[in-house]
Amino acid sequence: MITFEGAAKHYPDGTVAVADLDLTVETGQTTVFVGPSGSGKTTSLRMINRMVEPTRGTVRIDGVDIRDRDPALLRRGIGYVIQQAGLFPHRTVLDNIATVPLLLGTPRRAARARAAELMELVGLDPAMGRRWPHQLSGGQQQRVGVARALAADPPVLLMDEPFSAVDPVVRTGLQDELLRLQQELRKTIVFVTHDIDEAVRLGDRIAVFRPGGELAQYDSPERLLTDPADDFVEGFVGHDRGVRRLSFFPARVLSLRDDVVFEDDLKVEDVRHIAAEHPWLLVVDTERSPVGWLSDRSLVDVPSGIRLSELDTVPFGHTFTVETDSLRAALDSAVLSPAGRAVGVDVDGRVLGVVTQDDLGAALWSVTE
Ligand SMILES: Nc1ncnc2c1ncn2[C@@H]1O[C@H](COP(=O)(O)OP(=O)(O)OP(=O)(O)O)[C@@H](O)[C@H]1O
């Protein structure tokens, strides 16, 4: 447990970087510091490993005032990951990861073996260990940064905007990887970001900072979206927080219909009676992978005997996974679908059914009211 007790940082020029911070970071959880630029997130984070000394107040780790700890020893128990990884350019990837164990006197062979294991843990091919940092993509470098921070197996991990320099797709992949790692490792993570979506995705608890280094709200992601403490937090979490909240409700509450789903070896006359009542039919192959949408109008002039596989279909858009996705993913799937309907699949990508906008609307009202 990390506790800030009235911790403040004032600079001689009068800047109040952090004002009287009282906050407890729970062991084994991910706590996210989020807020606009200059609101004191990084300063607060760096108080934890004594890179910044508070001008007032106290920071404790497991009850011990960190001023009573030797900074070098303290930092051995605290991994630190920064934006753009901060790798040593003239060391191979493997030696970058092995930096701390080597400093602590671990024999080179053992340190490199451990580094190779860590590469696998963060989703990198250990064969990349012989490369130089500049020979990796930005996302791969961030993974190396995470592996390096984990090398001494510290109970605490500080992450300062670690994923902000990579593109959104890579960023989502890195977030997924961190969620997976955290399931396994249960470190005490403090993560700084500007991005409320990232905070909601990764945080067990979120601390929202406001300009002037004040804590505006400290809550679970769901509480933050449901019940923002004031106008500042409401503005910061965004006026679309209603839609964001849907990420906390599972898509499996939806009722899916499969009476409009047809395998593509059927003939047009087998489906005409359904098409008379439904504007869109979903065609799947014999493995139940989605093929595309057929509109009722597109069947009008098609002679009998033609198989569905011979017809042009409209792209099915993107699917949602019923067991693991949220209502937000289902809504997204419906909104982006040319048919205005969401396609629900199982974890192997087989179609379980479709959800119409009416069904979706009814489910949204019932869970969020
Ligand atoms: N050495 C310093 N001297 C004076 N002011 C400083 C110093 N270091 C930081 N500050 C100020 O303290 C405030 C908080 O900075 P901090 O880096 O903690 O903010 P942040 O929320 O992490 O911002 P960002 O998201 O832009 O990184 C800022 O106004 C910054 O300019």
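Residues numbered from 1 in each chain as written. Predicted model: local features only at pLDDT ≥ 70, side-chain atom pairs only at ≥ 80, totals over all residues.

- As annotated in an unreviewed UniProt entry, the protein chain carries the name ABC-type quaternary amine transporter and is attributed to Nocardiopsis flavescens.

**Concerning the sheet that holds strand β14 (residues 320–321)**
- Spatially, β14-β15-β16 is the arrangement adopted by the three strands of the open sheet, whose pairing is mixed. Edge positions in the sheet fall to β14 and β16 (351–355), since each has one partner strand and no second.
- The pairing of strand β15 (residues 342–345) with β16 spans four bridges and is antiparallel. Each residue of the ladder has a partner; that of valine 343, found in β16, is valine 354.
- Packed onto the sheet, helix α13 (residues 327–336) meets β14, β15 and β16 and runs at close to 135 degrees relative to β15. (Pairing = 2+ DSSP bridges. Helix = DSSP H or I, 4+ residues; strand = E, 2+ residues; numbered from the N terminus. Contact = placed C-beta atoms within 7 Å. Axes fitted to C-alpha atoms, helices over the stretch in contact; angles between N-to-C directions.)

**Overview of the domain arrangement of the protein chain**
- Taken as a whole, the protein chain is organised into domain 1 (2–248) and domain 2 (251–368).
- Here domain 1 and domain 2 have C-alpha centroids that lie 42 Å from each other. (Domains from an automatic or database assignment.)

**Some points on the site of the ligand**
- Close contacts around the ligand come from 13 residues, with Tyr11, Ala17, Ser37, Thr42 and Thr43 the closest.
- Top element by residues in the shell around the ligand is helix α1 (residues 41–48). It accounts for three residues.
- Within the shell around the ligand, the residues separate by chemical class into two nonpolar, nine polar and two charged. (Near = placed C-beta within 6 Å. Nonpolar A, V, L, I, M, F, W, Y, C, P; charged D, E, K, R; others polar.)

**A word on the pairing of β15**
- Residues of β15 alternate between two faces, with Ala342 and Gly344 on one and Val343 and Val345 on the opposite face, all of them buried.
- Adjacent in sequence and paired antiparallel, β15 and β16 are bridged by five residues, among which glycine 349 carries a positive phi angle near 85 degrees. (Buried ≥ 20, exposed ≤ 12 C-beta atoms within 10 Å, placed from the backbone.)

**Focus on the sheet that holds strand β4 (residues 56–61)**
- Spatial strand order, β2-β1-β4-β5: four strands in an open sheet with antiparallel pairing. The open sheet has two edge strands with one neighbour each: β2 (16–25) and β5 (64–65).
- Note: strand β1 (residues 2–10) against β2, six bridges, orientation antiparallel. Each residue of the ladder has a partner; that of threonine 3, found in β2, is threonine 24.
- In this fold α1 packs onto β1, β2 and β4, with an angle of close to 55 degrees to the strand it touches most, β2.

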